[in-house]
Amino acid sequence: MDLPKSSLTSSENVFIPGSLLPTTSHGSQRYDNVANVKLSHMRITSGYGTSSLEPEPSYLPPLWASHTDPEGARYFVQDSEPRLVTPTDIYVSTNAGRLQFWLKHIQALLITKNITISPALELFLRLEDDDCCYYLVDHASQKEFWLEDLETDALGLGPVVSPSHLDHLGDGRIICLVARLRQSIVTNRFWTHHGQETARCSRDQTILYDEDADHENIFVPRVFSWLTLGVSSRYSAQLEEAFTDRLVYKDVWRKMVATNLSDWKSTSLNAYLALTLHILFFLAQTPSIPSRISASMFLGSIITSTILQHRYETMKDSSADRGHDHLSSIYSTRYRFSLTSLAFALPKTLYLWGIVTVVGTCIFWLTTVLAHVFGLFAAGSVGLFLVVGIFAVHRLTSESSILPEWPFRRIALNNTDNSPV
């Protein structure tokens with residue numbers, strides 16, 4: 001809200017006001033202030049602390065009082081109409097006069113807009129150079145309000161589904177004087193649509209319309225899943241769960257990073273052990289091309305897992321905000337997390353394909369060492385056994401596999417209550 005460039009003369013200088021800027025209780029900068037305090041030893045003079053030698057204390061202007069909030073930050077309150085609250089240092093002589101200018105300006109606006117100035121009203125002001133940020137609180141209705149029509153995005157608020165949904169962010173009890181815990185509760189209620197028809201009752205429940213689903217490329221994830229033997233699909237599902245409705249929870253984010261780091265470490269160890277076994281292949285004079293291919297895959301598994309561990313080691317104890325920023329940066333509206341999940345899957349994929357190559361090398365070795373006919377029979381038998389074994393393990397551990405109606409399976413299906421089986 002721009003003002004005419006009129007001047008306000010104080011005893012020390014001339015103040016030319018800038019703009020009156022709307023803000024919210026969530027726009028408080030109390031957690032953003034960075035102080036550079038240098039500690040040092042000091043000399044304690046004789047008689048230090050005695051009342052007769054203390055300097056004259058600094059006094060606040062009339063009607064002003066200094067307070068300390070539950071977190072230790074200082075704020076000032078003026079007994080005015082409406083009651084004025086500010087984090088601006090009133091001990092600086094010019095600040096009181098500047099705040100008085102904005103107070104009178106807002107009082108005039110309240111009268112112009114036929115808003116009754118009652119004891120339930122409270123005005124928050126924060127000076128920023130020549131500008132002043134403000135919002136008003138009506139404690140009777142427990143809501144914040146402003147003196148101009150505003151869009152939610154102009155206030156830094158997210159999209160809402162209804163006016164009552166907006167009220168969770170406009171709760172007048174959440175002023176800068178209240179501790180951070182209460183604000184966190186209200187913010188959580190806002191993002192979970194507390195009290196709305198579409199309330200999120202579970203952390204992993206999706207309630208928002210996915211606009212990216214119409215533009216998603218479903219072919220690429222399927223190809224990646226086939227090439228990685230299903231490993232990329234697992235990582236993709238993991239990332240999607242951690243980023244449900246673009247919300248990130250600290251515990252889920254940290255658990256995901258810790259789990260992935262553990263997987264990459266174990267994969268790199270297995271790949272290292274498998275790489276050392278190639279010494280036997282070289283000593284046995286096996287074909288060099290298959291052994292070199294498998295060795296390259298194991299080496300690639302070690303390298304990619306090392307890179308990923310180095311990249312995410314610093315994130316295992318990071319905040320939810322850091323996790324949200326990272327997941328937002330790697331998310332693609334067309335491919336979602338497919339590209340990132342492919343990168344996550346590279347260590348395990350290269351290791352698995354290396355094992356497949358080693359098995360193929362062993363089968364080929366059987367055909368060359370043993371008699372030709374018997375070698376082919378032995379190699380075919382081993383190959384068939386491995387294929388059947390891999391298929392059986394996959395089917396028996398797959399949720400989509402069709403298992404026979406064994407007794408324990410019928411018991412699980414007949415359990416209709418919510419108790420665990």
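Read on for an overview of the structure. Note that the structure is predicted; figures quoted are calculated from it, not measured.

**Some details on the overall build of the protein chain**
On a plain count of helices and strands, the protein chain comes out with 12 helices and nine strands. Long-range pairs, those at least 24 residues apart, make up 64% of the contacts in the protein chain with a sequence separation of at least 6. Carbon and sulfur atoms form 60% of the exposed surface of the protein chain, whose accessible area is close to 26,400 Å².

**Some details on helix 9 (residues 320-330)**
Among the residues making up helix 9, those that are buried are Ala 320, Gly 323, His 326 and Leu 327. Burial along helix 9 is one-sided: seen end-on, the buried residues are contained in an arc of 125°. Facing away from the buried side of helix 9 by more than 90 degrees, the exposed set consists of Asp 321, Asp 325 and Ser 329.

**Overview of the environment of Asp 131**
Position of Asp 131 relative to the elements: it lies in strand 8 (residues 131-138). For Asp 131 and Pro 17, which are 114 residues apart along the polypeptide, the C-alpha to C-alpha distance reads 6.5 Å. Leaving out residues up to four positions away in the same chain, Asp 131 has contacts with Gly 18, Ser 19, Leu 21 and Arg 126.

**What about the pattern of salt bridges?**
The final tally for this structure, using the stated rule, is six salt bridges. Note that Glu 313 is salt-bridged to Lys 316, the shortest N-O span being 2.8 Å. We classify Glu 313 as partly exposed; its relative accessible area is 27%.

**Looking at the packing of helix 5 (residues 231-242) against helix 6 (residues 250-276)**
Between helix 5 and helix 6, whose axes approach to 10 Å, the crossing angle comes to 160°. Comparing the axis directions of helix 5 and helix 6 gives the class roughly antiparallel. Two packed elements cross with a definite hand, and for helix 5 against helix 6 that hand is left-handed. Contact residues: Arg 234, Tyr 235, Gln 238, Leu 239 and Ala 242 in helix 5; Val 252, Met 256, Thr 259, Asn 260, Asp 263 and Trp 264 in helix 6. For the contact of helix 5 with helix 6, a count of residues per class yields six nonpolar, three polar and two charged.

**Digging into the packing of aromatic side chains**
For the structure shown, the criterion picks out 11 aromatic pairs. Between Phe 124 and Tyr 135, the ring centres sit 4.8 Å apart and the planes meet at 20°, which makes this aromatic pair stacked. Highlighted residues: Phe 124 in strand 7 (residues 121-128) and Tyr 135 in strand 8, separated in sequence by 11 residues. As far as burial versus exposure is concerned, Phe 124 and Tyr 135 are alike and both buried. Between Phe 298 and Tyr 351, the ring centres sit 5.9 Å apart and the planes meet at 50°, which makes this aromatic pair tilted. Placement of Phe 298 in helix 8 (residues 288-312) and of Tyr 351 in helix 10 (residues 338-369) is noted, with a sequence separation of 53 residues between them. A residue is classified by how much of its surface remains accessible, and Tyr 351, at 18% relative accessible area, is buried. Within the aromatic cluster, the residues linked to one another by ring pairs are Tyr 235, Trp 264, Tyr 312 and Phe 344. One cation-aromatic arrangement involves Arg 234 over Tyr 235; the distance from NZ or CZ to the ring centre is 4.6 Å.

**Topic: the pairing of strand 5 (residues 74-78)**
Of all five residues in strand 5, four are buried; the element is thus mostly enclosed. The pairing of strand 4 (residues 64-68) with strand 5 spans five bridges and is classified as antiparallel. Among the inter-strand pairings, Ser 66 is bridged to a residue of strand 5, identified as Phe 76. Sheet topology note: the strand 5/strand 6 (residues 83-86) ladder contains three bridges and is antiparallel. When the sheet's bridge partners are listed, Val 77 is paired in strand 6 with Val 85. If you look at the hairpin formed by strand 5 and strand 6, you'll find four residues sitting between the two strands.

**Let's talk about the environment of Thr 276**
Along the chain, Thr 276 falls in helix 6. Assessed through its relative accessible area of 34%, Thr 276 is described here as partly exposed. Sequence separation of Thr 276 and Ala 295 is 19 residues, and the distance between their C-alpha atoms is 9.0 Å. Polar contacts involving the side chain of Thr 276 include one to the main-chain carbonyl oxygen of Leu 273, which spans 2.5 Å.

**Focus: a nonpolar patch on the surface**
Where nonpolar side chains cluster on the molecular surface, the patch consists of Leu 277, Ile 279, Leu 280 and Leu 283 and spans about 440 Å² of accessible area. Mapped onto the secondary structure, Ile 279 falls in helix 7 (residues 278-283).

**Observations regarding the pairing of strand 8**
With six of its eight residues buried, strand 8 lies for the most part within the structure. Of the strand pairs in this sheet, strand 3 (residues 20-22) and strand 8 are connected by three bridges, and their pairing is parallel. Its bridge partner lying in strand 8, Leu 20 is registered against Cys 132. Linking strand 7 to strand 8, which pair antiparallel, is a turn of two residues; within it Asp 129 sits at a positive phi near 55°.

**Let's talk about the nonpolar core**
Core analysis: the largest hydrophobic core is formed by 22 residues, its most contacted members being Ile 106, Leu 123, Leu 125, Tyr 134 and Leu 147. For this core, the elements supplying multiple residues, two or more each, are helix 1 (93-112), strand 7 and strand 8. By residue number, the principal contributor to this core is helix 1, which donates eight residues.

Basis of the calculations
- Residues numbered from 1 in each chain as written.
- Predicted model: local features only at pLDDT ≥ 70, side-chain atom pairs only at ≥ 80, totals over all residues.
- Heavy atoms only, no water.
- Helix = DSSP H or I, 4+ residues; strand = E, 2+ residues; numbered from the N terminus.
- Contact = heavy atoms within 4.5 Å.
- Areas by Shrake-Rupley, 256 points an atom, 1.4 Å probe, with all protein chains shown as cover.
- Buried < 20%, exposed > 50% of the residue type's maximum accessible area, 1.4 Å probe, protein only.
- Arc of directions from axis to C-beta.
- Salt bridge = Lys/Arg side-chain N within 4 Å of Asp/Glu carboxyl O.
- Axes fitted to C-alpha atoms, helices over the stretch in contact; angles between N-to-C directions.
- Parallel < 35°, antiparallel > 145°, perpendicular 65-115°, else oblique.
- Left-handed = near helix turned anticlockwise from the far one by under 90°.
- Nonpolar A, V, L, I, M, F, W, Y, C, P; charged D, E, K, R; others polar.
- Phe/Tyr/Trp six-rings, centres within 6.5 Å; stacked < 30°, edge-to-face > 60°.
- Lys NZ or Arg CZ within 6 Å of the ring centre and 35° of its normal.
- Pairing = 2+ DSSP bridges.
- Polar contact = N/O pair within 3.5 Å; in protein donor to acceptor, adjacent residues only side chain to side chain.
- Patch = residues over 30% accessible without salt bridge, like charges linked within 9 Å, V, L, I, M, F, W, Y side chains within 5 Å.
- Core = buried A, V, L, I, M, F, W, Y, C linked by side-chain atoms within 4.5 Å.

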